[in-house]
Amino acid sequence: MVWVPLSPTSSDRRAPLCAPSTTTMSLEWLMDWSWSLDGLRDFIATGIQSFRDCDATALVAVACLLVLFVWYCYHVGREQPRAYATVNALMQSAEANGVQNGFVYCQSPECVRCSHHDGLNQKLYHNLQEYAKRYSWSGMGRIHKGIREQGRYLNSRPSIQKPEVFFLPDLPTTPYFSRDTQKHDVELLERNFQTILCEFETLYKAFSNCSLPQGWKMNSTPSGEWFTFYLVNQGMCVPRNCRRCPRTYRLLGSLRTCIGNNVFGNACISVLSPGTVIAEHYGPTNIRIRCHLGLKTPSNCELVVGGEPQCWAEGRCLLFDDSFLHTAFHEGAPEEGPRVVFMVDLWHPNVAAAERQALDFIFAPGR
């Protein structure tokens, strides 16, 4: 049976002579068109000719790109970190003796630098995947690369720079940074120099007693005494200490690049007594810049980062990358008093905003 077009009715012939709309013409055309075998053959032939008229090379290129993109998305989402040595394996020999850099080191389970868990890379990758599921993989290429290759990065870094926990690849490296690197925060800290100094002097009066005052910590050193008073310790606020330095603590909230939400963020007052030498060591990561605001800076005090010495100055900030091998010492006379700095960790300027958000999630305290 063959369908043929219907003849127009008298009513159709009496229709006004006006241009019908595109939609009306399309509907009438579809209704009036005959699906004969010849018509179907012509339709197929027209479609084949249209495809042949396209540039075959361009079509092949687009198809290849689509296949590669799908494969990459699948690969990124499913690949597990390579089986390189974990941080625990890299430091196994040191842990066997309980010694790091020549002296006994902290073994607190709360310390991110000292509690080297087995399978750290797997844990970090799991956290990254969880973040990507909640938010996006966009901008996570460098973090993914860093976690996947972490063991190799930590094991093959030159001895001058070896972060102990996490290395983010492709960040510019230098022992010291210009004050303009984080200009807003540097200027804000320096404007509040007197405020921070006054709160320190109130705290330091408690050292007239023989015992270590409440809130202060003593750190291991080959010689001398090194004390710290933390307001933020590895991303965790210390409420009792913050209440004793309220203006300094409020100041932290005004800093734009302060690391306050992950385990690599710290803010404290650091005191070196005369005759103190801090053994050479590496910081845990290269994603941060450590800022020292000089509060009391006697003569014969130096910070050495990556083999380059620098001196502190009162009321001035000194920025450095503590993932480089570094040390500090106070060789001044006892009557000169302690060297005192206010220390705060800031984001490395080349860590993008999306990466900062992801790193805060991955390295959140207690995660």
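Each residue is numbered by its place in its chain's sequence as written, counting from 1. Note on the predicted model: pLDDT of at least 70 is required for a residue's local features to be given, and 80 or more for side-chain atom pairs to be given and counted; whole-chain, interface and lining totals, by contrast, use all residues. The basis for every side-chain value is the complete set of heavy atoms in the structure, and neither hydrogens nor water enter the calculation.

Undergrad: When you look at the overall build of the chain in this model, what are you seeing that I'm missing?
TA: Going along the chain from the N terminus, every DSSP run of H or I of four or more residues is numbered as a helix, and every run of E of two or more is numbered as a strand. Scanning the chain from N- to C-terminus turns up 14 helices and 14 strands. Residues are treated as being in contact if the distance between any of their heavy atoms lies within 4.5 Å. In the chain, of all internal contacts separated by at least 6 residues, the share reaching a separation of at least 24 is 75%. All accessible areas in this document rest on Shrake-Rupley with a 1.4 Å probe, and a residue is counted as covered only by the protein chains that are shown. Surface accessibility of the chain: about 20400 Å² in total, with carbon and sulfur atoms responsible for 57%.

Undergrad: Can you walk me through the side chain of Arg290 in this structure?
TA: Assignment of secondary structure puts Arg290 in strand E9 (residues 288-296). Between N or O atoms, a polar contact is any pair within 3.5 Å; within protein, one atom must be a potential hydrogen donor and the other a potential acceptor, and residues adjacent in sequence are included only when both atoms are from side chains. A distance of 2.8 Å separates the side chain of Arg290 from the side chain of Asp345, its partner in a polar contact. Non-local contacts of Arg290, meaning those with residues more than four positions away in its chain, are made with Asn266, Leu318, Leu319, Phe320, Asp322, Met343, Val344 and Asp345.

Undergrad: Help me understand the confidence of the model for the chain in this model?
TA: Close reading of the predicted structure is inappropriate where its pLDDT is low. Summing up the model confidence of the chain, the mean pLDDT is 80 and the portion of residues at 70 or higher is 72%. Low pLDDT, under 50, characterises residues 1-25; the predicted model gives this stretch seven contacts beyond four residues in sequence or across chains. pLDDT runs from 0 to 100 and stands for how confident the predictor is about each residue. Every residue in residues 79-107 is under pLDDT 50, and counting partners more than four places away or in other chains gives 63 contacts.

Undergrad: Please explain the nonpolar core as it appears in this structure.
TA: If you look at soluble globular proteins, the nonpolar side chains tend to sit buried side by side. Here, nonpolar core means buried Ala, Val, Leu, Ile, Met, Phe, Trp, Tyr and Cys residues that are tied together by side-chain atoms lying within 4.5 Å of each other. In this scheme, a residue with accessible area under 20% of its type's maximum is buried, one over 50% is exposed, and one in between is partly exposed, where area comes from a 1.4 Å probe on protein chains only. Counting residues in each nonpolar core, the largest one holds 34 residues, and the members touching the most others are Leu189, Trp216, Ile269, Leu295, Phe342 and Val344. Contributions of two or more residues to this core are made by helix H10 (183-191), helix H11 (193-204), strand E5 (226-233), helix H13 (246-252), strand E7 (267-272), E9, strand E12 (317-320) and strand E14 (339-347). Broken down by element, this core gets its largest block of residues, five residues, from H11. In this structure, Leu295 is in contact with Phe193, Ile196, Leu197, Phe200, Glu314, Val340, Val341 and Phe342, ignoring residues within four places of it in sequence. In this structure, Leu128, Ile143, Val263 and Leu359 belong to the second largest nonpolar core, which totals 23 residues.

Undergrad: I tried to follow unusual backbone geometry on my own but got confused; where do I start?
TA: In terms of backbone geometry, most residues other than glycine have negative phi values and most peptide bonds are trans. Positive phi outside glycine occurs at Gln234, with the angle close to 55°. Note on placement: Gln234 falls in the loop between E5 and strand E6 (236-237). For Gln234, a relative accessible area of 15% corresponds to the buried category. If you check the backbone angles, Asn300 has positive phi at about 65° while not being a glycine. Within the secondary structure, Asn300 sits in the loop between E9 and strand E10 (301-305).

Undergrad: What exactly am I supposed to notice about the packing of helix H7 (residues 120-134) against helix H8 (residues 141-148) here?
TA: When two helices pack together, their arrangement is given by the angle between the helix axes and by the axis-to-axis distance. Axis separation between H7 and H8 bottoms out at 9 Å; the angle between their running directions is 160°. As summarised for this structure, H7 and H8 are arranged roughly antiparallel, according to the angle between their axes. Our pair here, H7 against H8, has a crossing hand that is left-handed. Seen from H7, the contacting residues are Asn121, Leu124, Tyr125 and Leu128; seen from H8, they are Ile143, His144 and Ile147. To get an axis, fit a line to the C-alpha atoms, keeping to the stretch in contact for a helix; angles then go from 0 to 180 degrees between the N-to-C directions. Each angle is binned into one of four classes, with values under 35 degrees roughly parallel, values over 145 roughly antiparallel, values of 65 to 115 roughly perpendicular, and all other values oblique. By convention, the crossing between two helices is left-handed when the near helix turns anticlockwise from the far helix through less than a right angle, and right-handed when the turn is clockwise.

Undergrad: I would appreciate a short explanation of the sheet that holds strand E11 (residues 308-310) in the present structure.
TA: In sheet architecture, strand pairing relies on hydrogen bonds along the backbone and comes in two forms, parallel and antiparallel. Between any two strands, at least two bridges found by DSSP are needed for them to pair. Strand order in the open sheet formed by four strands is E8-E13-E10-E11, with antiparallel pairing between adjacent strands. Looking along the sheet, the strands with just one partner apiece sit at the ends: strand E8 (276-281) and E11. Averaged over all pairs of adjacent strands, the angle between their axes in this sheet comes to 15°, without regard to strand direction.

Undergrad: Teacher, can you tell me more about the packing of aromatic side chains here?
TA: The description of an aromatic ring pair rests on the distance of the ring centres and on the angle between the ring planes. Side-chain rings of Phe, Tyr and Trp (the six-membered ring for Trp) are treated as a pair once their centres are within 6.5 Å; stacked means planes under 30 degrees apart, edge-to-face means over 60, and tilted covers the remaining angles. Following the criterion strictly, the structure yields six aromatic pairs and no others. Through a chain of ring-to-ring contacts, three or more aromatic side chains come together here, namely Tyr131, Tyr135 and Phe361. Taking NZ or CZ as reference, Arg339 lies 4.6 Å from the ring centre of Trp312, over its face. Criterion for a charge above a ring: Lys NZ or Arg CZ within 6 Å of the ring centre, and within 35 degrees of the ring normal.

Undergrad: How do you make sense of H11 when you look at a structure like this?
TA: An α-helical turn contains 3.6 residues, so any two residues separated by three or four positions project in the same direction. Taking 1.5 Å as the rise per residue, H11 with 12 residues should run 16 Å; its terminal C-alpha atoms sit 16 Å apart, in good agreement. The complete set of buried residues in H11 reads Phe193, Ile196, Leu197, Glu199, Phe200 and Leu203. Buried residues of H11, seen end-on, are gathered within an arc of 165° and therefore sit on one face of the element. Under the convention used throughout, the expected extent of a helix is 1.5 Å for every residue step, that is, one less than its residue count. Of all possible arcs, the one meant is that of the directions from the helix axis to the C-beta atoms.

Undergrad: What am I meant to see in the pairing of E5 here?
TA: For E5, a buried count of seven out of eight residues is recorded, marking the element as mostly surrounded by other parts of the structure. In this sheet, E5 lies alongside strand E4 (residues 216-219) in antiparallel orientation, the contact comprising four bridges. The partner of Met218 across the bridge, within E5, is Phe227. Joining the antiparallel neighbours E4 and E5 is a turn of six residues, in which Gly224 adopts a positive phi near 80°. Strand direction decides the pairing type here: E5 and E7, joined by six bridges, are antiparallel.

Undergrad: Explanation requested: the pattern of salt bridges in the structure shown.
TA: Should the charged atoms of two oppositely charged side chains come close, the side chains can pair. Any carboxyl oxygen of Asp or Glu that lies within 4 Å of a side-chain nitrogen of Lys or Arg is treated as forming a salt bridge with it. Tallied over the entire structure, the rule returns 11 salt bridges. Glu130 is the salt-bridge partner of Arg134, the closest N and O atoms lying 2.9 Å from each other. Separated by four residues within a single helix, Arg134 and Glu130 lie in helix H7, roughly one turn from each other. Glu130 sits in the partly exposed class, given a relative accessible area of 23%.

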